Amino acid sequence: MNRVVDAAQRLQALEPNGSFIVQAPAGSGKTGLITQRFLVLLARVNSPEEIIAITFTRKAAAEMRDRLLSALRLATKPLPVDADPYLKQTRDLACIALERDAELNWQLLTNPARLRIQTIDSLCASLTRQLPIMARFGAQPAIADDPDSLYREAAQQTLADLERGEAWSPAIEHLLAHLDNNLAVAESMLVQMLAKRDQWLRHLVSLSSEDERRELLQLALQGVIDATLQRAQQLFPAAHISELCGVMNFAANHVNDDHAMACCRELSDLPDEDVAQWQGVIELLLKQDGEWRSNAKGVTAKQGFPAPSSTKDKSEAQLFTRKKTALVELTGLLSEVPDLQQALNDIRSLPGPNYSDDQWQIVEAMCELLLVAAAHLRVVFGSRGQVDFSEIQQSALQALGEEDNPTDLALALDYRIQHLLVDEFQDTSFGQYRLLQRLTAGWQRGDGRTLFLVGDPMQSIYRFREAEVGLYLRARHEGIGEIALTPLTLSVNFRSKAGIVEWVNQSFAQVFPQQEDATVGAVSYSDSVAFHDHAQDQNGAAVQIHAALSHDIEGEAKQLVQLVGEALQQNPNGTVAVLVRARSHLVMVVAALKCAGLRYRAIEIEALGHRPVVQDLYALTRALLHPADRVAWLALLRAPWCGLSLADLAALTNAPRRAVVWELMQDVASLSVTGQQRLQQLRVVLAQALQSRGRHRLRRWIESVWVQLGGPACVENATDLEDAEVFFNLLDKLDSASGLDELKQLDESLAQLYALPDVDADERIQVMTIHKSKGLEFDTVILPGLGRKAPPGDSPMLVWQERWSEGGSELLLAPVRATGEEHDAIYRYVQKIAAQKGEYETGRVLYVAATRAKRRLHLLGHTTLSEEDELREPQKSSLLRLLWPVVQPHFSELQRVESSSQPVELVLPTAAPVLRRLVCDWQRPSPTAAVTVINQVTAGGDEPLDPDYLWASDSARHIGTVVHELLQRIGEEGMGQWSAVRIESLCPYYQIALSRLGVVIDELPTAVLRVEQALLQTLGDKRGRWLFDDSHQENRCEYAVSGLLNDQVVRSVIDRTFVDAEGRRWIVDYKTASHEGDDLDNFIAAEALRYRPQLERYAQMMALEDERPIELGLYFPLLKKWYSWSYLSPVSHEGG
Amino acid sequence: MSDLLQRIASGATVLTVNSRLSRHLMGEYEQWQLKQGNTHWPTPQIVPWNGWVQRQWQELAFVDVDLPTLLAEESALALWERVIEASRWGELLLNSQATARAAMQAWRLLRQWQLQPAVLAHEEGADVEAFYAWAEAFQKRCHKERWLDEAALPNQIAAALADGKLSVATEFLWIGFDDLTPQHQALMAAQQQAGAAVTQLDLPHKSAQPHTLACADSSAEIRAIAAWLRQLLDSGEPGPIGVVVPELAAQRHNIERIFDEALLPGAVLDLSQPHPKPYDISLGYGLATLPVVHTALNLFALVRAPAPLHQWGRLLLSPFITGGEQEYLLRAQLDATLRRHGESSLTLKNLIYQAGRHHCPLLAQLLKRFADSYSALPRRQSPAAWARSFEQLLQTAGWPGERSLDSHEYQTVEAWRKLLLRFAALTEVLPELNYADALKQLRQLAGSTLFQPQSQSRPIQVMGVLEAVGLEFAHCWVMGLHDGVWPPAPQPNPFLPITLQRSLQMPHASAERELNFATQVSRRLFAAAPQVIISYPQHEGDSELRPSPLIAEIEPLSPPDWLTQPPPRYRNQIFAARVLEQYSDWQGPALADDLPVTGGTSIFKDQAACPFRAFARHRLGAESLEEPASGLGAAERGSLVHKVLEQFWKQTNDLHSLNQLDTEALQQRVTEVVVAIIAVEAQKYPQIFSERFAQLECNRLIKLTCAWLEVERGRPTFAVAALEAEQLFAIGGIEVKMKADRIDKLASGGEMIIDYKTGKTSVNDWFGERLNEPQLPLYALAQGHAAEAITFASLRPERCAFQGVSKDEAVAKGISQSKIDWGVQQGIWRDALTNLAQEFRQGRAVVEPKEGAKTCTYCDLGPLCRINELNGLGLAEVESEDE
Ligand code: SF4
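This structure is a prediction, so every number in the text was calculated from the model and none was measured. As a convention, each chain's residues are numbered from 1 in the sequence order in which they are written. Chain labels run from A onward and ligand labels from 1 onward, assigned in the order the entries are written. Residues qualify for local features only when their pLDDT is at least 70, as the model is predicted, and side-chain atom pairs are given and counted only at 80 or more; totals for whole chains, interfaces and linings, by contrast, use all residues. The basis for every side-chain value is the complete set of heavy atoms in the structure, and neither hydrogens nor water enter the calculation.

Okay, the overall build of chain A next. Runs of H or I in DSSP of at least four residues are treated as helices and runs of E of at least two as strands, each being numbered from the N terminus. In terms of regular secondary structure, chain A is built from 40 helices and 27 strands. Relative to its length of 1136 residues, chain A is extended, with a C-alpha radius of gyration of 41 Å against a globular reference of 32 Å. Expressed along its principal axes, the backbone C-alpha trace of chain A runs to roughly 150 × 80 × 75 Å. Two residues form a contact once any of their heavy atoms are found within 4.5 Å. Pairs at least 24 residues apart make up 76% of the contacts formed inside chain A by residues separated by at least 6 positions. Computed over 113 positive and 152 negative side-chain charges, the inter-centroid distance for chain A is 3 Å. With the radius of gyration taken over C-alpha atoms, the globule rule is written as 2.2 Å times the number of residues to the power 0.38. We score Asp and Glu as negative and Lys and Arg as positive, and we do not count His or the chain ends. Lysine's charge is taken at NZ, arginine's at CZ, aspartate's at CG and glutamate's at CD.

Close contacts around the ligand come from Cys610(B), Phe612(B), Arg613(B), Val847(B), Pro849(B), Cys856(B), Cys859(B), Leu861(B), Gly862(B), Cys865(B) and Ile867(B), and that covers them all. In the scheme used here, Gly and all other residues not listed as nonpolar or charged are polar, with Ala, Val, Leu, Ile, Met, Phe, Trp, Tyr, Cys and Pro taken as nonpolar and Asp, Glu, Lys and Arg as charged. Of the residues belonging to the shell around the ligand, the class tally is nine nonpolar, one polar and one charged. Only a single heavy atom is needed: when it lies within 4 Å of a molecule or strand, its residue is near that molecule or strand.

Moving on: the sheet that holds strand E1 (residues 20–23) of chain A. Each strand in a sheet pairs with another by means of backbone hydrogen bonds, the pair being arranged parallel or else antiparallel. All names here are of chain A. Strand pairing is defined by DSSP finding a minimum of two bridges between the two strands. The strand order E3-E2-E8-E9-E1-E10 describes an open sheet built from six strands, whose pairing is parallel. In this open sheet, the two edge strands, each paired with only one partner strand, are strand E3 (116–119) and strand E10 (486–489). Adjacent strand axes in the sheet meet at a mean angle of 15° when their direction is disregarded. Of the pairings in the sheet, the one linking E1 to E10 comprises four bridges and is parallel in character. Each residue of the ladder has a partner; that of Gln23, found in E10, is Thr489. To obtain an axis, a line is fitted to C-alpha atoms, over the contacting stretch when the element is a helix, and the angle between two such axes runs from 0 to 180 degrees between their N-to-C directions. Helix-sheet contacts for helix H3 (residues 58–74) involve strand E2 (51–55) and E3, and the interaxial angle to E3 is about 160°. Across the sheet, helix H19 (residues 469–478) touches E1, strand E9 (450–455) and E10, and the angle it forms with E1 is around 130°.

This brings us to unusual backbone geometry. Cis geometry marks the peptide bond from Trp399(B) to Pro400(B); its omega dihedral reads 5°. Residue placement: Pro400(B) occurs in the loop between helix H16 (383–396) and helix H17 (407–424). The step from Trp486(B) to Pro487(B) runs through a cis peptide bond, and the omega angle for that step is -5°. As for its placement among the helices and strands, Pro487(B) is situated in the loop between strand E18 (475–478) and helix H20 (498–503). In the Ramachandran plot, Asp869(A) falls in the positive-phi region, its phi being about 65° despite a non-glycine side chain. Its place among the elements puts Asp869(A) in the loop between strand E20 (853–862) and helix H33 (879–897). Phi at Asn1046(A) is positive, roughly 50°, even though this residue is not glycine. For Asn1046(A), the location among the structural elements is in the loop between strand E23 (1033–1045) and strand E24 (1048–1059). Relative accessibility decides the category of a residue: with a 1.4 Å probe and only protein chains considered, values under 20% of the type maximum give buried, values over 50% give exposed, and everything between is partly exposed. A relative accessible area of 60% means that Asn1046(A) is categorised as exposed.

Residue and element names in this part refer to chain A. For strand E18 (residues 800–805), the buried fraction is high: six of the six residues fall into the buried class. Residue alternation in E18 divides its side chains into two sets, Trp800, Glu802 and Trp804 and Gln801, Arg803 and Ser805, and both sets are buried. Relative to strand E19 (residues 808–813), E18 is paired through six bridges, and the arrangement is antiparallel. Pairing of Trp804 across the sheet is with Ser809, part of E19.

All right, on to the environment of Leu433(B) then. Residue and element names in this part refer to chain B. Inspection of the secondary structure assignment puts Leu433 in strand E15 (residues 433–434). For Leu433, a relative accessible area of 4% puts it in the buried group. Residues within four places of Leu433 in sequence aside, it is in contact with Arg82, Arg379, Arg380, Gln381, Pro383, Trp386, Ala438 and Gln441.

This brings us to the packing of aromatic side chains. When two rings of Phe, Tyr or Trp (its six-membered ring) have centres within 6.5 Å they constitute a pair, described as stacked for plane angles under 30 degrees, edge-to-face for angles over 60, and tilted for the intermediate range. Throughout the structure, instances matching the rule amount to 58 aromatic pairs over all chains. Summarising the aromatic geometry, the rings of Phe512(A) and Tyr847(A) are spaced 5.9 Å apart at their centres and angled 65° between planes, so their arrangement reads as edge-to-face. A residue pair is termed long-range when its members are at least 10 positions apart, and Phe512(A) in the loop between helix H20 (498–511) and strand E12 (529–530) and Tyr847(A) in helix H32 (residues 825–850) qualify at 335 residues. Note on accessibility: Phe512(A) and Tyr847(A) belong to one class, buried. Relative to Phe792(B), the ring of Trp766(B) has its centre 4.6 Å away and its plane inclined at 35°; by these criteria the two rings are tilted. Of this pair, Trp766(B) sits in the loop between strand E25 (751–757) and helix H30 (775–783) while Phe792(B) is found in strand E26 (residues 787–796), placing the two residues 26 residues apart along the sequence. You can call Phe792(B) buried: its relative accessible area is 1%.

Let's shift gears to the interface of chain A and chain B. Counting residues at the interface gives 205 residues for chain A, matched by 168 residues for chain B. The term buried area refers to how much accessible surface (probe radius 1.4 Å) is lost by two components on association, counted for both of them together. When the buried area of chain A at its contact with chain B is split by residue, Ile133(A), Arg693(A) and Leu915(A) rank highest and sum to 5% of it. As a salt-bridge pair, Arg58(A) and Glu540(B) come within 3.0 Å of each other at their nearest N and O atoms. Pairs of N or O atoms within 3.5 Å make up the polar contacts considered here, provided that, within protein, one atom can donate a hydrogen while the other can accept it, and that residues adjacent in sequence are counted only when both atoms are side-chain atoms. Where chain A touches chain B, the interface holds 76 residue pairs in polar contact (both at pLDDT 80 or more). Across the side of chain A that touches chain B, the residue classes break down as 97 nonpolar, 51 polar and 57 charged. Examined bridge by bridge, strand E21 (residues 915–918) of chain A and strand E22 (residues 580–583) of chain B share four bridges and lie antiparallel to one another. Pairing of Leu918(A) across the sheet is with Leu580(B), part of E22(B). By salt bridge we mean one thing: a side-chain nitrogen of Lys or Arg within 4 Å of a carboxyl oxygen of Asp or Glu.

Moving on to the sheet that holds strand E17 (residues 778–783) of chain A. Residues and elements named next belong to chain A. Ordered by their spatial adjacency, six strands build an open sheet running E13-E20-E17-E14-E16-E15, and the pairing between neighbours is parallel. Of all the strands in the sheet, the pair left with one neighbour each is strand E13 (543–548) and strand E15 (601–602). Across six bridges, E13 lies against E20 in parallel orientation. Note on E20: the bridge partner recorded for Gln544 is His858. Across the sheet, H20 lies against E13 and E20, angled at about 45° from E20, the strand it touches most.

Bringing the nonpolar core into the picture now. The biggest cluster of nonpolar side chains holds 225 residues, and the ones touching the most others in it are Leu285(A) and Trp503(A). Among all residues touching Trp503(A), those that are not within four sequence positions of it are Phe508(A), Val543(A), Ile545(A), Ala850(A), Leu857(A), Leu859(A), Leu883(A) and Val886(A). Among buried residues, those of type Ala, Val, Leu, Ile, Met, Phe, Trp, Tyr and Cys that are joined through side-chain atoms within 4.5 Å constitute a nonpolar core. Judged by nonpolar contacts, the second largest core, of 97 residues, contains Ala307(B), Leu309(B), Ala415(B) and Leu421(B).

Okay, the pattern of salt bridges next. The tally for this structure, following the rule as stated, stands at 129 salt bridges over all chains. Residue Arg695(A) is joined to Asp406(B) by a salt bridge in which the shortest nitrogen-to-oxygen separation is 3.4 Å. On the criterion of chain membership, the pair formed by Arg695(A) in the loop between helix H27 (673–691) and helix H28 (698–708) and Asp406(B) in the loop between H16 and H17 is interchain, its members lying in two chains. On the basis of relative accessibility, which here comes to 22%, the residue Arg695(A) falls in the partly exposed class.

Turning our eyes to something else, we now look at a negative patch on the surface. Residues and elements named next belong to chain A. Here, patches come from residues exposed beyond 30% relative accessible area and free of salt bridges, joined within 9 Å for like charges and within 5 Å for nonpolar side chains (Val, Leu, Ile, Met, Phe, Trp, Tyr). Here the accessible surface of atoms and residues is derived via Shrake-Rupley with a 1.4 Å probe, and residues count as covered only by protein chains that are part of the display. A cluster of acidic residues, Glu210, Asp211, Glu212 and Glu215, forms a negative patch on the protein surface. Along the chain, Glu210 falls in helix H10 (residues 210–235). By relative accessible area, Glu210 is classed as partly exposed at 38%.

A residue's pLDDT is the predictor's confidence in that residue, given on a scale from 0 to 100. Of all residues in chain A, 95% have pLDDT values of 70 or greater, and the mean over the chain is 87. Low pLDDT (under 50) marks residues 944–952 of chain A, which in the prediction has 15 contacts with non-local residues, meaning those over four places away or in another chain.

With that settled, the discussion passes to helix H13 (residues 314–334) of chain A. Residues and elements named next belong to chain A. In this model, H13 (21 residues) spans 30 Å end to end at C-alpha, consistent with the 30 Å of a helix rising 1.5 Å per residue. Buried residues of H13: Ala317, Phe320, Lys324, Leu327, Val328, Leu330, Thr331 and Leu334, and no others. Down the axis of H13, the buried set is contained in an arc of 160°. They therefore lie on one face. Residues of H13 that are exposed and point over 90 degrees away from its buried face: Lys314, Arg322 and Glu329. Packed against the buried residues of H13 are helix H11 (241–252), helix H12 (275–285) and helix H14 (340–348). Measuring from the side-chain oxygen of the N-cap residue of H13 to the backbone nitrogen of Ser315 gives 2.9 Å; that N-cap residue is Asp313. Expected span, for any helix, means 1.5 Å times one less than how many residues it has. Our arc is simply the arc of the directions from the helix axis toward the C-beta atoms.

See below:
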């Protein structure tokens, strides 16, 4: 060993012109292989963007990018002396790739974004972004955080069409009647369907009429039947056909005409497409429970085998016996044929080839509504500017064009995709598969473009995310589109010790089905070879089975704790993982670990919303958002920061009138003294909080109250503080104008989050689900609860199945069951297939779990004994059941030994009904002081906002602006250039200027008049003429000047300043205020008061410029008024 | 630098790439002036180049009144949108406004590169083809209406300059342009032609000492920056300090929060006022997301059609309308009442009515006024007129409320008014709109408008990369430079041929260009202060990130004290100071004798399921807000059946009368009853009982009722003795009000008590210490000896049947004789129920869900009973039993 036995395959995978599909079992180092191939391809392309590597998750993309970049960087350094052959080979490839890089000046190492390694979602997004028209987006929409709410909206709108007299309103009516007029049920059904529309929409959109739909959907039914019959035909051994016919003809002639076998009286060969005949055959061969008729006792006249005793005729009696024996012999032989029994049973559960009219009516109504709902959804997407991933994917598909007329991507992307590498191909969905087909449409053999698919069908465990392992199998046989794929299988396992690899080989060859079958996702086992030797350091077997003969969850948990302890003892640096299939299987395990004082790292195990800290925050949020949310308010009072007793709560709420709790809290006389104390502080904080509602972001609002109440002091440990942080981040994300659109959103988002792992955890001990562990490895893996059932599945209202067929896939759609009715055959069939797929996947889940182990694997499981003390098989749907053939001996042995050496004594805590709260006189520590900002001579501030700006109506303000502008022009050009005629002629200009400023159209005429009037009056006014007299010195208009005032640099713009003949500096501001009424002088005085500080500031500024006496003036052109005063420089002004 | 400043002082006009650089140079200049010992000086001309262009346009308008109308950005956008919608692609696209935005972007590029749409005429590809068509249409329309789009403005100015129509300064300095587009170049040439000296100045390049720092994630980065800032400010650093953030929009809230926490730790304790902050973030808030504006837009949306309750709820609780403070609590209760009522949507009219009934007169008045003004609006009018109408509508609602506005809100209201003006300006391109379209436009405008509250200048400036170009700081930190964002990935404009973009080196066109650009910017950025720290996150979610290759060569920062020993976080200080006590409190006060008990039989049910639940519900009145779903809820559906049967049996007293009716007559009677009842219900739930829905509901009820009556027909003779009869019953010291659905007199003379059920039922629920369904046993006790049978009448579409137990046999199909003596059974019930009653009376409130997690599944009291804290682990054991 220590030899890479599959080296040849690995080498072949680097063949740059070949397309491959690689099976890479656990621990076979596939990322390394993809990296190498990427390097090989880099050396041959014209730009790195021509290679696209697709990964399953963003995390995986980041990892692969990292691998690739490290590999490239390898080439820039000398090879380390201890490099293994793989490293050396990688470096060699990287060197060649970098040569290419240098040759074409790619600068990959400084521009790594050029390496296209991405998830399928991000690939789709980049396609739709570059092909906005083909994708029918127009512009890239955002991805909705909460697509469910969009589906819901679309579903509601669809159902609201009930009253709108649309063509499809009758369909809604039909559906509602079918569903017992339960709108909510109909709505949730549509919501679910919309979420999965990538699976059905495609099949339905292309069909315009009801007839077409019926035909197509029935075609799928027929397809199922054909395929099932075919499979039985193929499996049935030709050698036994004549025997079958012999027995059949006999039996068929001995049954009534209405018997299932009656139609088989003349059978001379296997039935062809006649389902009824097949049913007859099956009736003959299989019992009702689906088992072979292998016991002569059970074969009776009912099946066409009259008892020999029923006849007096001896030879007839002999014949009867013979035939009976023949049947039993036949079934005996047939039972040896793998999968035949299953195939025959499948026929039994086949639905008919057509929908009944009743069925069709509802199917048709559904189809119609689904299409309508999809259209509504599109509108909702549009109006929100948000879509879901599925929409992006479908649009990407659309953008790629028809299969026979693919879009020229080179135009849109600037490069041609030459090579596609796909990782985790076993978890491909139909949608992704189609995308690959479309991306490679038009590829020709040998045109240099290649496809490289990598995955491990044995590790396909994402059925709940639409993964279809059958697609992998299919691709391996048929290739994708025109591209044939050379299958390669890796077998070396670099991860696990030989003992584990061998056990896995031996066990899973039995757990996995013998025969591959793409339709039900049956994957057969492929052997691995360990790279590492048998470990020397191991005490005992690498794989240990801990059998139990009763369902003792507690006992198992204790045993597990002991195993964890032992593992850490034997290998203090090693990791130990506890992997389970369902989180609910962890309750006792986790309690036991805690009780033993082990601080483990639990990854996505505990619901965040169940953490007391989060629950309190949740109540606080609800309470603050809604004073009438009584549960939340009461919870708020009972949370640890207040801890009001039940007695006080009862006293508080014991009011005649039904008032909200906050109101009740205002009168606390009936409470105990401590109760009053406890409420006091809370009341102060909440009063301020309620007063400031809508003034802070939701997060800040809630967090502030929490901190003020001493929330951080109410938690158990530091992890809780982090969990609180997660909650706050969620609030921030959901924040809609400082509130929540719907509380439901918070609930739903919360339900999807998990508490963070213990921040002080012992990193060596990890607890997670098997799904979460995929791709990871641990020194020791412990699998508890193998004897436990799977958590119950659901039975959806509407089921369908996407089936492979010639030239694509088809949709098998079961009618919705009417409320109160039974499910029909189609539904049952679809569910049966789903169940079967599920069962196969369960085996793979177990494989994933077992192959996480490097050194040691512990399996813990139980079964029970029957009344007669016989070993029962483990429960249906348990993982142990799958392993039973392998592990049964361990249980049998246990039964014999009946050893009961109890492991360590651990007393698990029973829920102690104790709560915690802050002590009554607790004081919050005070915070660190805020930073002090040193005041310096700060650079530039413009003048504070003109008070005018805030008070005048918009038009008036804009009139002022235009008048100022014109007065500036007058001042600059000199009064001489201006006449009333010129001012009048400029009216069109005033209009343009005013409307540019935002004066509303219908106010324009008056505004223009105003401007004109102001200017004319200035021109006609003596004061006005004086203001703009050319004979002044230092004439300046809109004079922009900066200076240091009171240690601040101030920038001012002075309307008008000049020095008159007496040497006085004038500083004048124009005010275009208008005024109606007779107290004009008062008005002017008031205005003067308002603007005085501003003008004095100007004066201060100008005083810096020269020593002249300064006069200040306000000029009101519309009022023909003038107000002036002399500026008295403040004594303290010296030095400024 | 001082050379530059000298030239500015001598009167050169400076044109900068953006306004931030203008401000910066202005500041530099002022410091320089002060350093020269000057106390005042003419304010120099330092303006962003596009501002200058605008200003020239004004000048031009003065000399030449016959200019085309300049379209504001939003008008141009609206025009693009129209053009796209009218095109053959319009129907297909998801969102024409977003498309318009993208198209406008492409258009701007064309303009900047001085290209005519005609260059696209022979290009292939659906995207370019569409854009070409739009561009042509847009141009044609502009031409026809004499509109000028902003992107073309610089060209116009250049032309005017060249024609000598404008007089300009003698010297121009162009500063901060890393990229000069052909449009810029043309403008510069025109300035020269007009006689000015034009120079493009590269900002002086200073040498600096950059260092890199790896942080766990972006929050850790921001925390590190905060610690750094704290240390700088504490040591008296006056600034300016720059913090440069490539993904500013995504990080904005985090930055604000973490900075506040570190720099103003006490601010978290005070919600009453905005705190003056030592930093300034160069990114506004979306106007539509600000609460005041949200309320306004919400009001406009709600007035139209029935709207979902949660949307009304937000209005009801808004402080920004009349009575928002005075009626705050009452409105909250009104909302709760509406939710309890069961309809998921509501019309304005209905709400006015409900507000009046539920003690919210101010609300009722304001909504009434609002509805009146709304209905007085014309169907179609110009955006300018709509702007005024919107203002008026707001006025009638008392917006922005009776609370005095804080400065932030005040500025928001100002921004809102400016927004309305911009909206009014759409009149140019959209002469008339109906209400819905006007509102849509307004929303879109609000959605895309950023609002930046004004602030005094602050020592810390937080900004994006492009804004930082050319600025200098005393200290600078650049965060977030991982290789995913720096150099940025190319994003060529999809509407222009990619080869064209690449060959003309348009922004984002190719990887090469982005690398060059990033390298250039980096060089400046990393020298923006004597000391620059460049950080990057190592993780984002669960993926790992790498440093940008452009910082790979820079020396890492050796961790200084402020990083290794940051000041403690306040929440951790509080946590450390915690003093908790344990207490046990599962016993409420016993019930006072004189207090009536409300809640009826559900007290028993709750007490049996979980004593705490009974205490919380019936003693504390704990109730959550309902979240009504679409259509009728399960409870309403059940209650309809009850009502129908009640009515039916009122008319049909016994088996005999029932049997008198043949199928047809029966059907008819049921139909009459159902129709009458639905008519009444439709009044109560106008939204739910739309015409066809009501019809469907009638059909459902008729079908179900008839099916049920067939079951009744199969019974031995009986007569209805009581229907929904109320009675008081005392047990275990409490007195409850009960209402049996129906009591029949049997042939034996005894009574059978019937409870209609439309959900799942099981007879087992009547047995055991803590019975799941205590209702019928309670009735049985109340009836005393007369009660000879109790039964569920299970009315479900799949099956209608009795499920009950009786004293004697053969009472009816589905009713079996009690296994133990009837009298004994009654005794058992009495004991169990007395026990529950006493528990309740005594205030027993332990958290004891009868079947553990299962009992809690549909209970909303979790936060109150603190079950999860008691359990210690929030996991529910789902499957436990074997075989
Ligand atoms: S959540 Fe469970 S424990 Fe709490 S009150 Fe409800 S039923 Fe009782």
